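Structure assessment
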Amino acid sequence: MTRKGRQTLDSTLANEFVFGSAERPSQTDPSHEIAQLKAELNRIQAQPKETSALLPVDKILPLQLPDGMKQPRKYFDPNAMERLKTSIDKHGVCEPILTRPASDGRLEIVSGERRWRSACALNHAEIPGVVKEMTDEEALEIALIAHLLSENITAVEETDSLIGLISLRTELTADGVPSLLTKVRNAQARKNDYSGIISVDTLKDVEAILGEFGISLASFVSNRLPLLDLPEFIMDNVREGKLEPSKALLVARTQSDLQQQLVDEVLQDSLTKEQLRKRIAELKTQGKTADTDKNGASEQPTFDTVQKLYSKVSKKLSGKDKQVTRKIQVRINRIDEALRELLAELD
């Protein structure tokens, strides 16, 4: 099997950065290499600023990558940035940034963009930093890991970065990772064979990468991937740290005309997850009552109507030209989860 990460991260400079020598050990795995990168990033961050080079702020720019390579998507929270600026104004930049040389003689930031932005806002002429030669793939992987280690990362950003890291370390494409892992997890839950979906080695690599950040495959598929399909206004609140991911998913599962009201209530009244569940149930009950008053009777689905709908959907999805998109797969997952809960209650 060809593994992209094993190929692209095999330069002498990359080996020196990760392993401390010009030659890569003969036996390495993703979790070991990522652990080494994490340790090296922590070492750089802990390095006293007095021992770092002072880099000219106006000769630095954010990481530039070619088309098709996505940087970690960052939301720079204004309040958090103000707090950082206040700290830097008082104490200076305590942790050096990590950069690589750019083709035009400037330096590109691999890790530490928030510190650089704050230094720019404060009109600092220099900032402590470390300069390392890196390829695009090496820089992106280190940027992703640094992003995942950040205390200011949101759940959505963490999910995006993990997908990017999985793509770099395996033969999987970033766009294909969510639907593929969802299919694998569904097969595992049903105890079905999934060898035709993903190889054993690739799955081990994926699980090792997720495990390095304390996340299981089951949790990643159930609690993280659905965040990528949130309505935009709900996604914005999650990215800004205003709405917890678990609450966002609860809101997203309600009918669309209730979602904005629920988000407003969660933010204004600081509803707990349990209170939000009760509020959703209340609104659903009110909606059913209104329908009953309007139509004279509430048409409740029966087992027969559900079974007929299932047959129609199954027939459409089995068509040769119909592809199961990620959004469709997310809905199938929700139906599967609801049916399993119902089955458990009936047992």
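Data block above holds the structure.
Residues numbered from 1 in each chain as written. Predicted model: local features only at pLDDT ≥ 70, side-chain atom pairs only at ≥ 80, totals over all residues. Heavy atoms only, no water.

1. Considerations on the overall build of the protein
From N to C terminus, the protein includes 16 helices and 5 strands. Buried residues in the protein amount to 40% of all 347 residues. For the protein, the proportion of contacts with a sequence separation of at least 24, taken over those separated by at least 6, is 69%. Total accessible area on the protein stands at roughly 19,700 Å², and carbon and sulfur atoms take up 49% of it. (Helix = DSSP H or I, 4+ residues; strand = E, 2+ residues; numbered from the N terminus. Buried < 20%, exposed > 50% of the residue type's maximum accessible area, 1.4 Å probe, protein only. Contact = heavy atoms within 4.5 Å. Areas by Shrake-Rupley, 256 points an atom, 1.4 Å probe, with all protein chains shown as cover.)

2. Description of a positive patch on the surface
A cluster of basic residues, Lys308, Lys312, Lys315 and Lys316, forms a positive patch at the surface. In this fold, lysine 315 is placed in helix 15 (residues 303–317). Looking at lysine 315, the relative accessible area reads 68%, which means it is exposed. (Patch = residues over 30% accessible without salt bridge, like charges linked within 9 Å, V, L, I, M, F, W, Y side chains within 5 Å. Salt bridge = Lys/Arg side-chain N within 4 Å of Asp/Glu carboxyl O. Lys, Arg positive; Asp, Glu negative; His and termini not counted. Charge placed at Lys NZ, Arg CZ, Asp CG, Glu CD.)

3. Looking at the environment of arginine 253
Counting through the fold element by element, arginine 253 comes out in the loop between helix 12 (245–252) and helix 13 (256–269). Residue arginine 253 is classed as partly exposed on the basis of its relative accessible area of 40%. Each C-alpha atom of the pair arginine 253 and arginine 334 lies 8.8 Å from the other, and the pair is 81 residues apart in sequence.

4. Side note on a nonpolar patch on the surface
A cluster of nonpolar side chains, Ile335, Leu339, Leu342 and Leu346, forms an exposed patch at the surface whose accessible area comes to about 420 Å². Considering the arrangement of structural elements, one finds isoleucine 335 in helix 16 (residues 326–346).

5. Details of the pairing of strand 3 (residues 97–101)
Extensive coverage of strand 3 is indicated by the burial of 4 of its 5 residues. Sheet topology places strand 3 next to strand 5 (residues 126–131); 3 bridges connect them, and they run parallel. Its bridge partner lying in strand 5, leucine 98 is registered against valine 130. As defined by bridge partners, strand 3 adjoins strand 4 (residues 107–111) across 4 bridges and the pair is classed as antiparallel. Counterpart to arginine 100 in the pairing with strand 4 is glutamate 108. The hairpin formed by strand 3 and strand 4 contains 5 residues between the paired strands, and glycine 105 there has a positive phi angle of roughly 95°. (Pairing = 2+ DSSP bridges.)

6. Remarks on unusual backbone geometry
Backbone geometry at lysine 191 places phi at a positive 60°, although glycine is not the residue there. Along the chain, lysine 191 falls in the loop between helix 8 (177–189) and helix 9 (200–211). Since its relative accessible area comes to 76%, lysine 191 is described here as exposed. Non-glycine residue serine 270 carries a positive phi angle of around 50°. Position of serine 270 among the secondary structure elements: in the loop between helix 13 and helix 14 (273–295).

7. Considerations on the pattern of salt bridges
In total, this model carries 11 salt bridges according to the counting rule given. As a salt-bridge pair, arginine 106 and aspartate 104 come within 2.9 Å of each other at their nearest N and O atoms. Here arginine 106 falls in the partly exposed class, since its relative accessible area comes to 34%. In this structure aspartate 104 comes out as partly exposed when scored by relative accessible area, which is 47%. Among the ionic pairs, arginine 169 bridges to glutamate 141, the shortest N-O distance being 2.4 Å. Of this pair, arginine 169 sits in helix 7 (residues 155–169) while glutamate 141 sits in helix 6 (residues 136–149), placing them 28 residues apart in sequence. Like glutamate 141, arginine 169 is buried. Taken together, the shared-partner salt bridges connect Arg100, Glu108 and Asp136 into one network.

8. Some thoughts on the sheet that holds strand 5
Taken together, the 5 strands give an open sheet; going across it, the order is 1-5-3-4-2, and neighbouring strands pair in mixed fashion. Unpaired on one side and paired on the other, strand 1 (53–56) and strand 2 (60–62) mark the two borders of the sheet. Strand after strand, the sheet turns through a mean of 55° between neighbouring axes, direction not considered. Strand contacts of helix 6: strand 3 and strand 4, with the helix running at about 45° to strand 4, the strand carrying the most contacts. (Axes fitted to C-alpha atoms, helices over the stretch in contact; angles between N-to-C directions.)

9. Looking at helix 16
Relative to the 30 Å expected for 21 residues at 1.5 Å per residue, helix 16 spans 30 Å between its end C-alpha atoms, a close match to the ideal helical length. Taken residue by residue, helix 16 has Gln329, Val330 and Asn333 as its buried positions. In a view along the axis of helix 16, the buried residues occupy a sector of 100°, so they form one face of it. Set apart from the buried face of helix 16 by more than 90 degrees, the exposed residues are Lys327, Arg331, Ile335, Leu339, Leu343, Glu345 and Leu346. Looking at the packing, one finds that the buried side of helix 16 touches helix 8. (Expected span 1.5 Å × (residues − 1). Arc of directions from axis to C-beta.)

10. Describing the nonpolar core
Buried together is how nonpolar side chains tend to be arranged in soluble globular proteins. One finds Leu165, Ile166, Leu181, Leu210 and Phe220 to be the most contacted residues of the largest nonpolar core, which totals 40 residues. Put simply, the parts of the chain that give this core at least two residues each are helix 3 (30–46), helix 6, helix 7, helix 8, helix 9 and helix 10 (217–224). Among the elements that make up this core, the one with the highest residue count is helix 6 (8 residues). Sequence-distant contacts of leucine 181, defined by excluding residues within four places in its chain, comprise Ile166, Val206, Leu217, Phe220, Val221 and Leu225. Ile234, Val238, Leu250 and Leu262 belong to the second largest nonpolar core, which has 21 residues in total. (Core = buried A, V, L, I, M, F, W, Y, C linked by side-chain atoms within 4.5 Å.)

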